[in-house]
Amino acid sequence: GKEKTFDPSFKGPIKKRGCTDILCCLLFFVFILGYIVIGLFAWLNGDPVILLHPTDNQGRICGLNYGDLDLRNKNNLFYFDLTRCASAATLINLQCQTTQVIIFVITKCVDQDCREQIAQRATSTFFLDWDKYICTYGFNARKAYVNSSLTIILSGKCAPYYLPYAPVVGRCIPAIAVDSLNLISSAVDEAGNNFNASLDASNTTITYQSLLDGTAPVKLYLEARAIAENIFADLTVSWYWLLGMLAITAVVAFLWIVIMRWVAGIMVWVTLLGIIGVLSFGVWYCYDEWNRLKTVAGSNTTIIAVGFTTNLSTYLALQDTWLAFLIILAIVDAIMILLVIFLRKRIQIAIKVIEQSSKAIGWMISTLFYPLVTFLLVLIAVSFWAATALFLASTGSPIYQVIDSRNLTSLPNTTSLHGQTCDINLWSNSTHQYYLNDDVSCVFVKYGGTSIFHNNVIWLQVVAVFGMLWIVNWILALGQCTLAGAFASYYWAWKKPQDIPLLPLYSSFGRSLRYHTGSLAFGSLIIAIVQIIRLMLEYADNKLKTAENKVAKFILKCMKCCFWCLEKFLKFLNRNAYIMIAVYGKHFCWSAKEAFKLLMRNIIRAAVIDKVTDFILFVGKLIVTVGMGALAWAFFTNKFVSLLQAPTLNYYWMPIIIVSVAAYFVAAGFFNTFGMAVDTIFLCFLEDLERNDGSEEKPYYMSKSLRDVLGKKNKKAKKR
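- As annotated in an unreviewed UniProt entry, the protein is Choline transporter-like protein from Ciona savignyi.
- Checking UniProt for the protein, the heading Function (unreviewed entry) contains the comment "Choline transporter."
- The heading Sequence similarities (unreviewed entry) in the UniProt record of the protein holds the text "Belongs to the CTL (choline transporter-like) family."

### Brief notes about the overall build of the protein
Part 1 of the argument: Within the protein one finds 25 helices and eight strands.
Part 2 of the argument: Taking all 720 residues of the protein together, the buried fraction comes to 44%.
Part 3 of the argument: Here the protein displays about 37700 Å² of accessible surface, and carbon together with sulfur accounts for 65% of that area.

### Quick notes on helix α22 (residues 588-601)
Part 1 of the argument: Here α22 spans 20 Å end to end across 14 residues, near enough to the 20 Å set by a 1.5 Å rise per residue.
Part 2 of the argument: Every buried residue belonging to α22 is among F588, S591, A592, E594, A595, L598 and L599, and all of these are buried.
Part 3 of the argument: Looking at the buried residues of α22, the elements they touch are α20 (517-543), α21 (550-584), α23 (603-636) and α24 (653-691).

### A few points about the packing of aromatic side chains
Part 1 of the argument: Per the stated rule, a full pass over the model turns up 30 aromatic pairs.
Part 2 of the argument: Centre to centre, the rings of W43 and F391 are 6.2 Å apart; their planes meet at 65°, and the pair counts as edge-to-face. Here the residue W43 occupies a position in helix α1 (residues 22-45), and F391 occupies one in helix α15 (residues 370-393), the gap between them amounting to 348 residues.
Part 3 of the argument: Seen in terms of ring centroids, W494 and Y701 are 5.3 Å apart; in terms of plane orientation they differ by 80°. Their pairing is edge-to-face.

### Some thoughts on the state of the cysteines
Part 1 of the argument: For the coordinates displayed, the defined rule picks out zero disulfides.
Part 2 of the argument: Lacking any disulfide linkage, C19 is separated from the closest cysteine sulfur, that of C25, by 7.3 Å.

### Re the environment of A386
Part 1 of the argument: Secondary-structure assignment places A386 in helix α15.
Part 2 of the argument: Residues A386 and V465, spaced 79 residues apart in sequence, show a C-alpha to C-alpha distance of 9.2 Å.

### With respect to unusual backbone geometry
Part 1 of the argument: A positive phi angle, near 50°, is found at D21, a position not held by glycine.
Part 2 of the argument: Mapped onto the elements of the fold, D21 is located in the segment before α1.

### Topic: a positive patch on the surface
Part 1 of the argument: Together, R344, K345, R346 and K712 give the surface a local cluster of positive charge.
Part 2 of the argument: Classification of K345 as partly exposed rests on a relative accessible area of 47%.

### What about the nonpolar core?
Part 1 of the argument: One finds F674 and F685 to be the most contacted residues of the largest nonpolar core, which totals 113 residues.
Part 2 of the argument: In terms of residue count, helix α18 (residues 457-491) provides more of this core than any other element does, 20 residues in total.
Part 3 of the argument: Apart from residues no more than four positions distant in its own chain, F685 is found in contact with I349, Y491, M702, L706 and L710.

### What to know about the confidence of the model for the protein
Part 1 of the argument: Residues with a pLDDT of 70 or more make up 72% of the protein, whose mean pLDDT is 77.
Part 2 of the argument: Below pLDDT 50 for its whole length, residues 106-127 participates in 43 contacts with residues either more than four positions away or in separate chains.
Part 3 of the argument: Segment residues 180-195: pLDDT under 50, and 28 contacts once partners within four positions in sequence are set aside and those in other chains are kept.

### Overview of a nonpolar patch on the surface
Part 1 of the argument: Taken together, the side chains of L566, F569, F572, F596, M600, I603 and I604 define a hydrophobic patch exposed on the protein surface, amounting to about 590 Å² of accessible area.
Part 2 of the argument: Secondary-structure elements contributing two or more residues to the nonpolar patch are α21, α22 and α23.
Part 3 of the argument: With three residues, the single largest contributor to the nonpolar patch is α21.
Part 4 of the argument: For L566, the location among the structural elements is in helix α21.

The rules behind the values
- Within each chain, residues carry numbers counting from 1 in the order of the written sequence.
- The predicted origin of the model limits local features to residues at a pLDDT of at least 70 and limits the giving and counting of side-chain atom pairs to 80 or more, whereas totals for whole chains, interfaces and linings rest on all residues.
- Excluding hydrogens and water, the side-chain values take into account all heavy atoms of the structure.
- UniProt positions are given in the numbering used here, feature names are shortened, and annotations may be inferred rather than shown by experiment.
- Starting at the N terminus, helices and strands are each numbered in turn, a helix being any DSSP run of H or I of at least four residues and a strand any DSSP run of E of at least two.
- Partly exposed describes any residue whose relative accessible area lies between the buried limit of under 20% and the exposed limit of over 50%, with all areas from a 1.4 Å probe on protein chains only and scaled to the type maximum.
- For accessible areas, the Shrake-Rupley method is used with a probe of radius 1.4 Å. Any residue's cover is judged against the shown protein chains and nothing else.
- To estimate how far a helix should reach, multiply one less than its number of residues by 1.5 Å.
- Note on definitions: a residue-residue contact is assigned when non-hydrogen atoms from the two residues lie within 4.5 Å.
- Pairing of aromatic rings covers Phe, Tyr and the six-membered ring of Trp, with a centre-to-centre limit of 6.5 Å; geometry is then stacked below 30 degrees between planes, edge-to-face above 60, and tilted otherwise.
- Pairs of cysteine sulfur atoms within 2.5 Å are what we label disulfides.
- Surface patches are defined over residues having more than 30% relative accessible area and no salt bridge, joining like charges when they lie within 9 Å and nonpolar side chains (Val, Leu, Ile, Met, Phe, Trp, Tyr) when within 5 Å.
- Salt bridges are defined by distance alone: a side-chain nitrogen of Lys or Arg within 4 Å of a carboxyl oxygen of Asp or Glu.
- In this tally, Asp and Glu contribute negative charge and Lys and Arg positive charge; neither His nor the terminal groups of the chain are included.
- To locate a charge, take NZ of a lysine, CZ of an arginine, CG of an aspartate or CD of a glutamate.
- By nonpolar core we mean a set of buried residues, namely Ala, Val, Leu, Ile, Met, Phe, Trp, Tyr and Cys, connected to one another through side-chain atoms within 4.5 Å.
- Confidence of the predictor in every single residue is expressed as pLDDT, which spans 0 to 100.

What follows is the structure, given as structure tokens:
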């Protein structure tokens with residue numbers, strides 16, 4: 001494209017501007033309105049409680065009143081046979097393949113009298129206390145009891161065996177499963193010693209290991225909860241130290257950005273010369289080894305003759321190996337030296353731009369705290385999506401499906417019923433074909449319905465995810481455009497800081513929100529579309545993991561790679577488009593085109609400053625994160641005991657991890673702002689070079705240090 005020409009009316013970000021990309025703005029607001037309608041409909045029809053509370057195999061929830069069945073005072077789920085919860089079908093279908101009923105913990109869950117009575121299950125004349133037994137809803141054992149308790153128990157109407165139970169997260173769990181966490185008192189050890197094995201109604205031995213297998217998920221939950229409780233206890237006594245360290249992190253990150261105006265050049269040149277020095281030493285060392293091996297017998301054997309071996313010392317004893325190292329390092333060293341020689345001016349420009357960016361942030365410190373606004377807005381958007389997704393997943397009535405675990409190879413002319421919907425009332429009738437069949441059962445799987453809304457819940461979930469992606473990307477775009485407008489105001493101020501507008505960050509935020517919501521929505525829509533396609537590809541890839549079609553897998557991997565690259569390129573293009581929008585107030589397509597052409601006219605400068613900036617930001621994040629992690633380690637392990645006394649903790653490593661992770665995100669927020677400052681000032685610098693020539697009528701706005709690097713001068717300091 002053609003270079004920009006001088007415009008006497010241009011003095012930085014345009015003040016008088018109009019709304020851009022109005023159609024996209026309207027589309028964005030209509031979509032948000034529809035998104036809110038989906039959320040409201042989900043909230044009115046859904047109930048996340050059903051996803052969090054125990055549910056029996058008929059879809060009933062603990063603590064609710066179902067009219068014909070009042071469960072308000074019954075808050076614990078009882079499994080008739082927990083040993084069946086360890087089956088593969090349970091893992092696949094997320095439902096334990098045994099009858100589950102909701103009971104009242106006090107009268108049932110801890111009662112052990114039934115254990116003695118079950119021993120008389122085959123005695124027809126022995127009177128049993130049926131009130132102690134746990135049976136299906138509405139079943140009257142006294143009326144049904146005719147011959148023996150064995151008949152009733154084998155029919156699946158009552159639990160086949162009983163053990164000491166403990167209520168755990170709303171479920172009745174055998175006490176031995178939770179004994180390792182000292183939740184109860186028991187003489188049973190981890191190996192199962194002193195455990196009195198029980199027999200169920202069919203004389204099957206209920207072993208210690210079978211109970212542990214059936215309760216493994218609950219035991220895992222309990223162990224995780226115990227760890228979480230200890231961590232929470234640690235945080236209650238160390239939270240003020242953590243906040244103090246985060247404050248230190250913010251101060252260190254800010255100071256690092258400020259001192260960039262003095263140390264950026266030193267850091268870059270020392271690193272480049274250090275890399276060249278290391279490579280040169282490597283070249284000398286490889287040559288020395290290659291020359292020494294000339295006098296060693298057998299070292300002239302070729303690598304091909306040696307073949308493949310895991311003994312690396314075999315290769316290191318060959319001349320060819322060191323000659324290959326020598327050639328590779330020499331080529332890389334030569335390339336680095338040539339790059340430094342021929343790109344030295346561009347490297348110096350990058351350093352000066354970084355120094356100017358540091359000064360800009362120093363004059364507008366409020367820009368460092370704008371990421372907090374972005375974080376809060378993103379948190380609101382993600383929270384709304386998460387709540388909507390939960391309510392959508394919990395809408396409707398219980399849906400039941402057939403679980404068919406039969407081996408059909410031994411049953412000719414038999415069709416599997418697995419996955420078909422079923423009526424729990426029909427299957428509960430004793431006249432049904434598969435009544436009380438251990439291999440074929442009708443179980444509750446989820447909540448749903450037959451209405452248009454319920455039949456399209458999965459698509460509403462997709463729309464909700466897409467909406468979350470679009471809104472989050474719009475929030476990020478708003479932040480980039482706001483910061484770009486503020487930093488552009490700094491660059492195009494003739495006298496700094498006198499000519500910097502009052503409240504530049506606030507003014508830029510107002511302009512971005514008032515005039516360019518549509519343009520920001522346009523750019524974020526493109527990114528959201530690519531991201532939703534990537535999520536679909538990830539889903540397809542997960543489904544094809546067990547497939548044998550290698551061609552389909554290869555094509556899918558290629559598509560994932562292509563869309564990843566496309567997303568990276570579009571984010572780079574959008575970032576620079578938002579800078580042009582902030583400066584000129586034009587629509588998205590014009591801004592993206594002009595930014596791209598401007599960068600292509602200065603492709604080498606753009607590449608150099610991009611890599612130099614990436615290096616500076618990487619070093620900054622590394623130093624802040626590692627430094628704060630080391631400080632946290634030294635403090636919480638009492639290395640500063642003579643100065644400060646650290647609190648006593650259960651896990652001293654948890655605060656260290658929290659400080660390190662939080663330090664990284666704090667540093668990332670600060671340095672992302674710094675990166676936006678570099679990109680904005682660099683684009684303004686390129687515009688300045690094309691628009692102006694240093695004459696009295698067209699003076700440069702760039703700093704004197706940048707003009708010195710380019711050999712440019714302003715003929716006369718003209719008051720703007």
